Every structure is written in structure tokens, then in C-alpha cells.
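What follows is each chain in one-letter form.
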Amino acid sequence: MRISKDPEIRKKELIETALRLFLKKGYEKTSIRDILREVKGSPGMFYYYFSSKEEIFEEAIKYYVENYIKGLIEILKDERISLVDKYNKIVSSVIKAFEDLRSFSKIYYSPQYFPLRVKISFEILDKLIEPFSQLIEKIKKDPQLDSKRCAVFILYGVYGLLHENLEIESSYVKGIMDFILLITKRILGIYEEGEL
């Protein structure tokens with residue numbers, strides 16, 4: 001007997017399954033049939049929600065990014081963890097995101113997906129500005145420092161450095177994040193003598 005699900009639940013299930021398979025097998029080695037096998041669905045069901053494998057790929061990336069943003073915001077807002085732990089968790093999240101997006105496929109970094117990458121990058125930055133500026137407001141030493149401008153400056157600086165080279169390794173990402181940490185400490189006046 002076929003199980004009937006709410007259309008939004010079914011669509012989300014397809015996206016989550018596609019995401020899991022794309023991360024595990026890559027875009028090229030994942031077929032629509034693989035996705036349908038996992039959800040016990042039919043081609044008609046798939047094409048009711050998506051016109052192609054490319055469309056579900058884009059939706060899976062958007063879903064991944066939504067969860068990535070939520071995770072980063074939770075870290076920034078979590079008052080129970082220290083600044084050092086926040087930093088370490090954020091660095092781990094950024095490295096994992098780069099590794100995950102790379103595992104999706106080289107297609108994600110192709111010219112065809114450049115507009116999507118740019119859109120997603122700016123969505124991430126825009127959604128992080130407010131929680132990051134709130135954190136800066138709490139830890140800055142100089143009351144004259146504009147927390148929001150500082151957040152924009154730092155976040156867009158991270159973006160620029162991380163995206164200057166698409167073939168980056170985890171150690172490179174960690175190096176950039178460490179550099180940004182030192183600059184941020186200096187800007188906020190929370191560095192120790194001998195740093196920078």
C-alpha cells in the first residue's frame with residue numbers, strides 16, 4: 001500500500017535524500033533513480049516536484065546552506081560557550097562546508113553555477129551580519145566602534161579570502177580563519193601583547 005504524505009513533507013524528504021546521496025556519492029554518481037529508491041517513490045512523484053536532477057541539486061544546496069546558516073547563528077548566539085569555543089566551532093563548520101560543497105561535485109564550481117554560488121554566499125553573509133554584530137557589541141573594548149560595520153568588514157573579508165582560490169585545502173581555510181581571528185582581536189581591542 002502506498003503511503004500518502006503531505007506534499008511539503010514529501011518534497012523535503014526528496015531534498016534531504018538527494019542531499020545525503022550527493023554528499024556521499026557526488027552529483028555525477030547519483031541518479032534520480034537512486035533518490036527514488038531511497039524514498040520508495042516513483043518517477044511521476046519526482047517530476048511533480050522537480051523538473052530535473054539539476055533542479056533538485058540546487059534545492060539540496062539551498063537546504064544545506066539554510067542549515068549551515070542556522071548552525072552558525074546558534075554558535076554565535078550561544079551564551080554558554082566561550083569565545084574560543086565559538087571560534088573553534090565556527091572554523092570547524094566553515095571547513096566542513098567547504099569539504100561538503102567540494103564533495104558534491106565539480107559541477108558546483110562550474111561557470112553554470114556561478115550565479116547560484118554568489119547568491120548563496122551573499123545570503124550567508126547577510127544572515128550572519130546581525131548575530132555577529134551583536135556578539136561584537138558584547139566583546140568590543142572601544143565603545144565608539146560601530147559593531148555592524150565591523151561585522152560587515154570582517155565577514156566580507158573572510159568571504160574574499162576564502163573565495164580567492166576555489167581549490168583550497170582545509171589547512172588553508174584554517175590559516176585564513178586564524179588570520180581573521182588575529183585581525184578581529186586587534187580591531188576589537190581584545191588581543192594580548194605579542195599578537196600581531
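Quick note: structure is the one above.
If you're wondering where the values come from, they're calculated on a predicted model, not measured in any experiment.

Visitor: For the side chain of K53, give the residues involved together with the corresponding values.
Guide: Positionally, K53 belongs in helix α4 (residues 53-77). Despite its burial, K53 pairs with no opposite charge; the closest candidate is E54, at 6.7 Å N-O. A distance of 2.6 Å separates a polar side-chain atom of K53 from the backbone oxygen of T30. Excluding anything up to four places from it in sequence, K53 contacts F22, Y27, E28, T30, I32 and F46.

Visitor: So what's going on with the pattern of salt bridges? Which residues, and what values?
Guide: Enumeration over the complete set of coordinates arrives at 13 salt bridges. With a closest N to O distance of 2.8 Å, D34 and K25 form a salt bridge. A relative accessible area of 34% places K25 in the partly exposed class. As a salt-bridge pair, D78 and R80 come within 3.0 Å of each other at their nearest N and O atoms. Under the relative-accessibility criterion, D78 is labelled buried at 16%. On the accessibility criterion, R80 (75% relative accessible area) is exposed. The structure contains a network of salt bridges with shared partners spanning K25, D34 and R37.

Visitor: Could you give an account of the nonpolar core, with specific residues and numbers?
Guide: Within the largest apolar cluster, 63 residues are counted, with the highest numbers of intra-cluster contacts made by L14, F22, F57 and M177. It is α4 that provides the largest number of residues to this core, a total of 12 residues. F57 has contacts with F22, Y27, F104, I107, Y108 and Y113, leaving out every residue within four places of it along the chain.

Visitor: How would you explain the packing of α4 against helix α6 (residues 114-139) if you had to name every residue and give the values?
Guide: In contact at an axis separation of 10 Å, α4 and α6 are set at 15 degrees when each is read in the N-to-C sense. With respect to each other, α4 and α6 are oriented roughly parallel. When you trace α4 past α6, the crossing you get is right-handed. Only L116, I120, E123, I124, K127, L128, P131, F132, Q134 and L135 of α6 make contact with α4, whose side of the interface consists of E58, I61, K62, V65, Y68, I69, L72, I73, L76 and K77.

What counts, and where the lines are drawn
Residues numbered from 1 in each chain as written. Predicted model: local features only at pLDDT ≥ 70, side-chain atom pairs only at ≥ 80, totals over all residues. Heavy atoms only, no water. Helix = DSSP H or I, 4+ residues; strand = E, 2+ residues; numbered from the N terminus. Buried < 20%, exposed > 50% of the residue type's maximum accessible area, 1.4 Å probe, protein only. Lys, Arg positive; Asp, Glu negative; His and termini not counted. Salt bridge = Lys/Arg side-chain N within 4 Å of Asp/Glu carboxyl O. Polar contact = N/O pair within 3.5 Å; in protein donor to acceptor, adjacent residues only side chain to side chain. Contact = heavy atoms within 4.5 Å. Core = buried A, V, L, I, M, F, W, Y, C linked by side-chain atoms within 4.5 Å. Axes fitted to C-alpha atoms, helices over the stretch in contact; angles between N-to-C directions. Parallel < 35°, antiparallel > 145°, perpendicular 65-115°, else oblique. Left-handed = near helix turned anticlockwise from the far one by under 90°.

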